[in-house]
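# Coordinate inspection notes
Below, each chain spelled out in residue letters.
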Amino acid sequence: QVQLVESGGGVVQTGGSLRLSCSASGRPFSGEVVAWFRQAPGKEREFVAARRWNGGSTRYADAVRNRFFISRDSAKYEFSLQMNNLKPEDTAVYYCAARSRNIIFGSWPDDAVYDQWGQGTQVTVSS
């Protein structure tokens, strides 16, 4: 059984950076897929980034590619989202998620495939 907790959200100016972290308890992330999603007011939850816990495979939404980076810390059983060059359209509640078993690469952006979710952390980018 895995529970997830996000941290690191806040308010930042356009062009600034934030680093979000997701801590896991219970089962380790080894062999799993971990991901970040976000939901802006009045919008559906959208995929941001994902990676396999083991191995280097990553996937990013077009809107964040080359600005956001997902990484892991196996020793701490946590993963992070480094967000650079933030834009107002990045304003959203950000959620971390994990899949208890590996899934095919093509399914990674589908929020329905994830087994565990954090409570969300607010990121606000002001201009």
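Look up a bit, the structure's there.
Here goes a summary of the coordinates provided. (Residues numbered from 1 in each chain as written. Predicted model: local features only at pLDDT ≥ 70, side-chain atom pairs only at ≥ 80, totals over all residues. Heavy atoms only, no water.)

## Description of the nonpolar core
The following threshold applies: Buried Ala, Val, Leu, Ile, Met, Phe, Trp, Tyr and Cys residues form a nonpolar core when they are joined through side-chain atoms within 4.5 Å. When accessible area is computed with a 1.4 Å probe and restricted to protein chains, residues below 20% of their type maximum are described as buried, those above 50% as exposed, and intermediate ones as partly exposed. Residues are treated as being in contact if the distance between any of their heavy atoms lies within 4.5 Å.
Trp36, Leu81, Met83, Tyr94 and Tyr114 are the most contacted members of the largest nonpolar core, which totals 36 residues. In this view, Tyr94 contacts Glu6, Leu20, Trp36, Phe37, Arg38, Val48, Phe68, Leu81, Met83, Gly120, Thr121 and Val123; residues no more than four positions away in its chain are not counted.

## Some thoughts on unusual backbone geometry
Heads up, the rule is: To qualify as a helix, a DSSP run of H or I must reach at least 4 residues; to qualify as a strand, a run of E must reach at least 2; elements of each kind are numbered from the N terminus.
For Asn66, which is not glycine, the phi torsion reads 75° and is therefore positive. Along the chain, the position of Asn66 falls in the loop between strand E6 (58–60) and strand E7 (68–73). Its identity as a non-glycine residue notwithstanding, Asn85 has a phi of 50°, on the positive side. Mapped onto the elements of the fold, Asn85 is located in the loop between strand E8 (78–83) and strand E9 (92–99).

## Quick notes on the packing of aromatic side chains
The line we're drawing: Only Phe, Tyr and Trp rings are paired, with Trp represented by its six-membered ring, and only when their centres lie within 6.5 Å; those with planes under 30 degrees apart are stacked, over 60 edge-to-face, the remainder tilted. Here, over-ring charges are defined by two tests on the NZ atom of lysine or the CZ atom of arginine: distance to the ring centre within 6 Å, and angle to the ring normal within 35 degrees.
Taken as a whole and judged by the stated rule, the model has seven aromatic pairs. Measuring from ring centre to ring centre gives 5.7 Å for Trp36 and Phe79, while their planes differ by 65°; the resulting arrangement is edge-to-face. Here Phe79 lies in strand E8 and Trp36 lies in strand E4 (residues 33–39), a separation of 43 residues in the sequence. For Phe79, a relative accessible area of 0% translates into the label buried. Pairing Phe37 with Phe47 gives two aromatic rings, centres 5.6 Å apart and planes at 75°, and the pair type is edge-to-face. On the criterion of sequence distance, the pair formed by Phe37 in strand E4 and Phe47 in strand E5 (residues 46–52) is long-range, its members being ten residues apart. Summarising the burial analysis for this pair, Phe37 and Phe47 share the class buried. Among the aromatic residues, ring-to-ring pairing joins Phe37, Phe47, Tyr114 and Trp117 into one connected group. The side chain of Arg45 reaches across the aromatic face of Trp117, ending 3.9 Å from its centre. In this structure, Arg72 is placed above the aromatic ring of Trp53, and the distance from its NZ or CZ to the ring centre is 5.3 Å.

## Comments concerning the side chain of Arg67
The condition is simple: Under this definition, polar contacts are N or O atom pairs within 3.5 Å; protein pairs additionally need one hydrogen-donor-capable and one acceptor-capable atom, and for neighbouring residues in sequence, both atoms have to be side-chain atoms.
Mapped onto the fold, Arg67 is located in the loop between E6 and E7. Within the local environment of Arg67, its side chain forms a polar contact with the backbone oxygen of Ala63, the two atoms lying 2.8 Å apart. In this structure the side chain of Arg67 is engaged in a polar contact, spanning 2.8 Å, whose partner is the side chain of Asp90. Leave out the neighbours within four places in its chain, and Arg67 touches Gln82, Met83, Asn84, Asn85, Leu86, Lys87 and Asp90.

## A word on the state of the cysteines
Rule in force here: A pair of sulfur atoms, both from cysteines and within 2.5 Å, is called a disulfide here.
Throughout the structure, instances matching the rule amount to one disulfide. Here Cys22 is linked by a disulfide to Cys96, with a sulfur-sulfur distance of 2.0 Å. The S-S bond linking Cys22 to Cys96 shows a torsion near 60°; that makes this disulfide right-handed. One end of the pair, Cys22, is in strand E3 (residues 18–26); the other, Cys96, is in strand E9, with 74 residues separating them in the sequence. Given a relative accessible area of 0%, Cys22 falls into the buried group. On the accessibility criterion, Cys96 (0% relative accessible area) is buried.

Geometry only, nothing functional implied.
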